[in-house]
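Fold and geometry: a report
Residues per chain, in single letters:
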Amino acid sequence: MINFQRVSCINGTVPLSSSLMEAEELCSLCKFVEDGEERVVIGSLDLNQCLWLPDEMTGMRPGVNEDSQTRAYLSNVCVAKELQNKGLGYALVDKSKKLAREWGITDLYVHVAIDNIAGQKLYKKSGFVYEGEEPAWRARFLGRPRRLLLWLDMNKEPL
């Protein structure tokens, strides 16, 4: 895509146990075999090195520089409902920050629905701060809840 440098999908997985196999919500598409062991994806997020994501507010830092895209966005962040509030979301975000650092990212962004209090707490715990808010008219036009744009200064993140 235009203005995209790299995209990486980071997944959290666990071995497929008999207790998980009985869960009705378990998606068969989330199951896979690795080294002979059945596993299931329980969380995921995408790290997108780009100037902006389609239909989303654009981060203002570090400014548009044609030579170097050091801005990235987290997207499609999800954790299986049964496993939320157990630290998996935090671990996925932490892994994405490490990869972003390897890519030379200086400014990391995430969009979160204004009514997603758990998501906002996760990002705040991960060091993100408020940068902006989607106008109500735009959210209505796109048929979704309003979103906040949160920013993380990767230069201040510990190594």
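As a reminder, the structure under discussion sits directly above these lines.
Numbering of residues starts from 1 in every chain and runs along the sequence as written. The predicted origin of the model limits local features to residues at a pLDDT of at least 70 and limits the giving and counting of side-chain atom pairs to 80 or more, whereas totals for whole chains, interfaces and linings rest on all residues. Processing note: side-chain calculations cover all non-hydrogen atoms of the structure and skip hydrogens and water entirely.

**Re helix H3 (residues 117-125)**
Quick reminder of the rule: Per-residue accessibility, obtained with a 1.4 Å probe over protein chains only, is compared with the maximum for each type, and a residue is labelled buried under 20%, exposed over 50%, and partly exposed between these values. Segments assigned H or I by DSSP are reported as helices when at least four residues long, segments assigned E as strands when at least two residues long, and all are numbered from the N terminus. The arc in question is traced by the directions running from the helix axis to the C-beta atoms.
Within H3, burial applies to Gly-119, Leu-122 and Tyr-123. An end-on view of H3 places all buried positions within 90° of arc, on one side of the element. Turned more than 90 degrees away from the buried face of H3 sit Ala-118, Lys-121, Lys-124 and Lys-125, all of them exposed. Where H3 ends, the next residue or the one after it, Gly-127, has phi of about 105°, a positive value.

**Considering the side chain of Asp-107**
The condition is simple: Positive charge is attributed to Lys and Arg, negative charge to Asp and Glu, and no charge count is given to His or to the chain ends. A side-chain nitrogen of Lys or Arg and a carboxyl oxygen of Asp or Glu constitute a salt bridge if their distance falls within 4 Å. Contacts were defined at the residue level, with two residues in contact if any of their heavy atoms lie within 4.5 Å.
Residue position: Asp-107 is located in strand S5 (residues 107-113). One buried charge, Asp-107, has no salt-bridge partner; the nearest side chain with opposite charge is Arg-61, at 5.3 Å. Asp-107 has contacts with Arg-61, Pro-62, Thr-70, Arg-71, Ala-72, Trp-151, Leu-152 and Met-154, leaving out every residue within four places of it along the chain.

**Observations regarding the pattern of salt bridges**
Note on pairing: side chains with opposite charge can pair once their charged atoms come close. Enumeration over the complete set of coordinates arrives at 9 salt bridges. For Arg-147, the salt bridge goes to Glu-56, with nearest N and O atoms at 2.9 Å. Here the residue Arg-147 occupies a position in strand S7 (residues 147-153), and Glu-56 occupies one in the loop between strand S3 (37-50) and strand S4 (71-79), the gap between them amounting to 91 residues. Taking the relative accessible area as the measure of exposure, Arg-147 reaches 23% and is therefore partly exposed. Given the relative accessible area of 15%, Glu-56 is considered buried. Among the salt bridges present, the one from Arg-61 reaches Glu-131, with a minimum N-O distance of 2.5 Å. With a gap of 70 residues between them, Arg-61 in the loop between S3 and S4 and Glu-131 in strand S6 (residues 129-133) connect regions that are remote in the sequence. Linked by salt bridges that have partners in common, Glu-56, Glu-134, Arg-138, Arg-144 and Arg-147 make up one network.

**Points about the packing of aromatic side chains**
Basically, it comes down to this: Any two of the Phe, Tyr and Trp rings considered here, Trp counted by its six-membered ring, make a pair once their centres fall within 6.5 Å; the pair's planes then place it as stacked at under 30 degrees, edge-to-face at over 60, or tilted in between. Working rule: Lys NZ or Arg CZ, within 6 Å of ring centre, within 35 degrees of ring normal, means a charge sits over the ring.
Overall, the coordinates contain 2 aromatic pairs when judged by the stated rule. Relative to Phe-128, the ring of Tyr-123 lies with its centre 5.8 Å away and its plane at 75°, an arrangement referred to as edge-to-face. Judged by relative accessible area, which is 4%, Phe-128 ranks as buried. Here the basic side chain of Arg-61 rests over the ring of Trp-151, its NZ or CZ set 3.7 Å away from the ring centre.

**Some points on helix H2 (residues 88-103)**
Quick note on the threshold: The span you would expect from a helix comes to 1.5 Å times its residue count less one.
The end-to-end C-alpha separation of H2 is 23 Å, in line with the 22 Å expected for 16 residues at 1.5 Å each. Taken together, the buried positions of H2 are Leu-88, Gly-89, Leu-92, Val-93, Ser-96, Lys-97, Leu-99, Ala-100 and Trp-103. On the buried face of H2, the contacting elements are strand S1 (4-15), S3, S4, S5, H3 and S7. Gly-104, located one to two residues past H2, shows a positive phi value of around 85°.

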